[in-house]
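# An overview of the molecular structure
Chain by chain, the residues run as shown.
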Amino acid sequence: QKEVEQNSGPLSVPEGAIASLNCTYSDRVSQSFFWYRQYSGKSPELIMSIYSNGDKEDGRFTAQLNKASQYVSLLIRDSQPSDSATYLCAVHSGTYKYIFGTGTRLKVLA
Amino acid sequence: DTGVSQDPRHKITKRGQNVTFRCDPISEHNRLYWYRQTLGQGPEFLTYFQNEAQLEKSRLLSDRFSAERPKGSFSTLEIQRTEQGDSAMYLCASSSSSGNSYNEQFFGPGTRLTVL
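Overview of the structure. Because the structure is a prediction, the values reported are computed rather than measured.

Residue-level contacts link 23 residues of chain B with 18 residues of chain A. Across the chain B to chain A interface the summed buried area is about 1,700 Å²; carbon plus sulfur atoms make up 55%. Taken together, chain B and chain A are joined by 6 residue pairs in polar contact (both at pLDDT 80 or more). For the side of chain B that touches chain A, the secondary structure elements donating two or more residues are strand E4 (31-37), strand E5 (44-50), strand E9 (88-95) and strand E10 (106-107) of chain B. The biggest single contributor to the side of chain B that touches chain A is E4 of chain B, with 4 residues. Taken together, the residues that form the side of chain B that touches chain A break down as 11 nonpolar, 8 polar and 4 charged.

Given below as structure tokens:
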């Protein structure tokens with residue numbers, strides 16, 4: 001079992017819709033969770049961090065964490081074509097260890 | 001401070017040559033990481049520094065790879081006797097162990113290595 005799992009996609013949504021991206025992780029002691037956006041050929045860009053169970057909202061983005069289910073998700077409201085990218089889920093366990101999923105490719109159709 | 005910087009952005013080398021990459025982290029960040037990313041994969045951990053101390057090195061990393069952070073500021077990653085399998089994007093990231101954004105890791109633009 002991979003430590004951090006994401007559906008590779010592509011996930012296609014129409015412009016203006018809500019995109020829902022999901023991530024599961026295997027290490028129960030994981031403490032911090034992050035979502036990164038990565039455009040093709042570019043480096044990952046941090047868009048959300050979440051540390052506690054529940055929802056965290058930042059503009060059009062909402063991160064949701066459920067530690068009991070070992071599940072973290074990212075919702076993007078009012079999706080725009082510029083949101084088309086690969087979204088990486090990262091899980092932080094311990095002092096140094098960050099484990100990344102392989103990413104979900106999102107396509108927002110104009 | 002404009003973020004993490006890396007140099008060079010692109011490197012093409014022949015198999016068997018040595019290459020060195022540089023990373024300058026966000027100035028107040030004491031933690032620095034090197035990752036490698038290939039197409040369709042997430043970043044793969046290579047090594048980690050807290051200040052000038054290298055505290056962890058991936059078991060996947062061969063002896064051809066070495067990294068330093070001599071004064072706890074910039075870091076270098078050297079690959080000796082490069083192989084075609086070393087072709088990848090090499091990413092540097094930094095984070096702080098304190099403050100409101102602790103553990104948030106910020107990436108540099110990466111160095112794309114091509115080994116011919």
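Residues and elements named next belong to chain B. Strand order in the open sheet formed by 4 strands is E1-E3-E8-E7, and the pairing between neighbours is antiparallel. At either end of the open sheet lies a strand with only one pairing partner, and these are strand E1 (5-7) and strand E7 (65-68). Looking at each pair of strands side by side, their axes are set apart by 15 degrees on average, direction ignored. In the sheet, strand E3 (residues 19-24) pairs with strand E8 (residues 75-79) via 5 bridges, with the strands oriented antiparallel. Its bridge partner lying in E8, Thr20 is registered against Glu78.

Attention now moves to the sheet that holds strand E8 (residues 71-76) of chain A. All names here are of chain A. Pairing is antiparallel in the open sheet, where 5 strands are placed in the order E1-E3-E8-E7-E6. Both outer strands of the open sheet, strand E1 (4-5) and strand E6 (54-58), are each paired with one neighbouring strand and no more. Sheet topology note: the E1/strand E3 (residues 19-25) ladder contains 2 bridges and is antiparallel. What sits directly across from Val4, in E3, is Tyr25.

Right, let's talk about the pairing of E4 of chain B for a bit. Residues and elements named next belong to chain B. By the criterion of burial, E4 is predominantly enclosed, with 7 of the 7 residues buried. Taking every second residue as pointing to the same face, both faces of E4 are buried, with Arg31, Tyr33, Tyr35 and Gln37 on one and Leu32, Trp34 and Arg36 on the other. Both E4 and E5 contribute to a ladder of 6 bridges, which runs antiparallel. Pairing of Trp34 across the sheet is with Thr47, part of E5. The antiparallel hairpin formed by E4 and E5 contains 6 residues in its connecting segment, where Gly40 sits at a positive phi of about 80 degrees. As judged from the 7 bridges shared by E4 and E9, these two strands associate in the antiparallel manner. Along E9, the bridge assignment pairs Tyr33 with Ala93.

The rules we used
Residues numbered from 1 in each chain as written. Chains lettered and ligands numbered in written order. Predicted model: local features only at pLDDT ≥ 70, side-chain atom pairs only at ≥ 80, totals over all residues. Heavy atoms only, no water. Contact = heavy atoms within 4.5 Å. Buried area = accessible area lost by both parts, 1.4 Å probe. Polar contact = N/O pair within 3.5 Å; in protein donor to acceptor, adjacent residues only side chain to side chain. Helix = DSSP H or I, 4+ residues; strand = E, 2+ residues; numbered from the N terminus. Nonpolar A, V, L, I, M, F, W, Y, C, P; charged D, E, K, R; others polar. Pairing = 2+ DSSP bridges. Axes fitted to C-alpha atoms, helices over the stretch in contact; angles between N-to-C directions. Buried < 20%, exposed > 50% of the residue type's maximum accessible area, 1.4 Å probe, protein only.

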